[in-house]
Amino acid sequence: MKIAILSRNSELYSTRRLKEAGELLGHEVDVIDTLHCYMDITKSRPAVRYDGAELPQYDAVIPRIGASITFYGTAVVRQFEMMGTFCVNESVAISRSRDKLRSLQLLSRKGIGLPRTGFANKPDNIRDLIKNVGGAPVVIKLLEGTQGIGVVLADTAKAAESIIEAFMGLKANILVQEFIQEAGGADIRCFIVGGKVVAAMKRQGAEGEFRSNLHRGGTAEVIKLTKEERVTAANAAKVMGLNVCGVDILRSNHGPVVMEVNSSPGLEGIEMATGKNVAGMIYDFIEKNAQPNRTKTKGKG
Ligand code: ADP
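The rules we used
Residues numbered from 1 in each chain as written. Predicted model: local features only at pLDDT ≥ 70, side-chain atom pairs only at ≥ 80, totals over all residues. Heavy atoms only, no water. Helix = DSSP H or I, 4+ residues; strand = E, 2+ residues; numbered from the N terminus. Rg over C-alpha atoms; globule rule 2.2 N^0.38 Å. Buried < 20%, exposed > 50% of the residue type's maximum accessible area, 1.4 Å probe, protein only. Contact = heavy atoms within 4.5 Å. Salt bridge = Lys/Arg side-chain N within 4 Å of Asp/Glu carboxyl O. 1 Å grid on protein atoms, 1.4 Å probe; cavity = no way out; pocket = protein on both sides within 12 Å on 5 of 7 lines; lining within 4 Å. Points joined across faces, edges and corners; volume = space filled by probe spheres on them. Nonpolar A, V, L, I, M, F, W, Y, C, P; charged D, E, K, R; others polar. Domains from an automatic or database assignment. Buried area = accessible area lost by both parts, 1.4 Å probe. Pairing = 2+ DSSP bridges. Axes fitted to C-alpha atoms, helices over the stretch in contact; angles between N-to-C directions.

Caption draft 1: Main features of the overall build of the chain. Helices and strands together make up the secondary structure of the chain, namely nine helices and 16 strands. Taken against the 2.2 N^0.38 rule, which gives 19 Å for 301 residues, the C-alpha radius of gyration of the chain at 20 Å falls within 12% of a compact globule. Burial status across the chain gives 50% buried among its 301 residues. Counting contacts in the chain only where the partners sit at least 6 residues apart, residues at least 24 apart contribute 66% of the total.

Rendered as structure tokens:
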């Protein structure tokens, strides 16, 4: 098949791995820089142009859209959808997952386990906001943060109030969340392909760090999921409408709780920790599903 990976950087581990794994399986794989795609939306026949020429009709597109280019990146994915190209994750699902509030609202509506969470822009009663999620300690998150930046643990109600006031002063949207202490600074990344958990790893934060992000010095190891965790992760992916994603869950004393669903999950950590060929599984999924005009949205979302 002829497959395009939409990625800003062909040198990134995940991009390289996807290209290599696809070629090994006999596919023709091009890495296309998302921001360098341009589109002519006045024509009745939608197309994507790149470096002076029209891109060929691909059988499938693997979008790897970074958080900083969500707006333009999803427009490019949408254009491929309008051309009837099978996109591993659809543009609407990617946009949905990028909005932490929207994601949590959708997940809660479907009854998926979540940490107790409040969100606010300019609360008149900060104390009530804190009390409402169970009181200190609480985790306060900037809505726009990634890789653990903008995620703060406040041990006392006083500290929480000051942090919330400071964020409010910056006009930032925030989440206030129950601190899942019993998770012990670890979270579980479930890698989903085609609605199933295909690999899972436990990420442990560095000594004294409650955030387990690998970018923050966390370490990863393979883990066996409980049935409940497996079902929770698969359901979260389904609610978000993502075929390939990473679902991050915490082990809380009220069962598994979903923290985040990531539409461009990294391959390095999960493949190293589990020894599984996750990139290959993404191609299995493409081979089974990529037929022209299989995108449900057809660019209407
Ligand atoms: P980001 O999207 O920036 O990575 P997350 O919301 O995933 O932010 O938080 C980063 C890390 O902080 C998580 O992987 C987890 O280890 C820890 N963490 C986040 N929220 C909580 C919470 N409510 N209770 C305990 N730990 C948390």
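There is more to say, and it comes next.
Caption draft 2: Examining the pattern of salt bridges more closely. As enumerated under the stated definition, the model contains 14 salt bridges in all. A salt bridge links R127 to E161, with the shortest nitrogen-to-oxygen separation between them at 3.0 Å. Taken together, the residues R127 in helix 5 (residues 126-132) and E161 in helix 6 (residues 157-169) connect sequence positions 34 residues apart. On the basis of relative accessible area, E161 is assigned to the buried category, the value being 13%. R203 is the partner of D248 in a salt bridge, and the nearest nitrogen-oxygen pair spans 3.2 Å. Remark: R203 occurs in strand 13 (residues 196-204) and D248 occurs in strand 15 (residues 244-252); sequence separation between them is 45 residues. Summarising the burial analysis for this pair, D248 and R203 share the class buried. Three or more residues joined by partner-sharing salt bridges are found here, namely D187, R189, R203 and D248.

Caption draft 3: Molecular detail of empty space enclosed by the protein. Summed over all chains, the structure comprises one cavity of 30 Å³ or more. Here the largest cavity is characterised by a volume of approximately 50 Å³. Lining the largest cavity are L18, I62, P63, R64, V88, N89, V244, S263 and I282. When grouped by side-chain class, the residues that make up the lining of the largest cavity number six nonpolar, two polar and one charged. The residue makeup of the lining of the largest cavity includes at least three contributed by each of domain 1 (2-96) and domain 3 (183-286).

Caption draft 4: Up close: the domain arrangement of the chain. Looking at the chain, the domain boundaries give domain 1 (2-96), domain 2 (117-179) and domain 3 (183-286). For domain 2 and domain 3, the distance between their C-alpha centroids amounts to 25 Å. Taken together, the contact pairs ten residues of domain 2 with seven residues of domain 3. Taking both sides of the interface into account, the surface hidden between domain 2 and domain 3 amounts to around 680 Å²; carbon and sulfur atoms contribute 53%. At the boundary of domain 2 and domain 3, one finds zero salt bridges. Put simply, the parts of the chain that give the side of domain 2 that touches domain 3 at least two residues each are strand 9 (138-142) and strand 10 (151-154). Here the side of domain 2 that touches domain 3 gets three residues from one element, more than from any other, and that element is strand 10.

Caption draft 5: Representation of the sheet that holds strand 8 (residues 117-120). One open sheet holds the four strands; their spatial order is 8-11-9-10, and the pairing between them is antiparallel. The strands lining the two open edges of the sheet, one partner per strand, are strand 8 and strand 10. Adjacent strand axes in the sheet meet at a mean angle of 20 degrees when their direction is disregarded. Where strand 8 lies against strand 11 (residues 174-178), four bridges are found, and the strand directions are antiparallel. Pairing of F119 across the sheet is with L175, part of strand 11.

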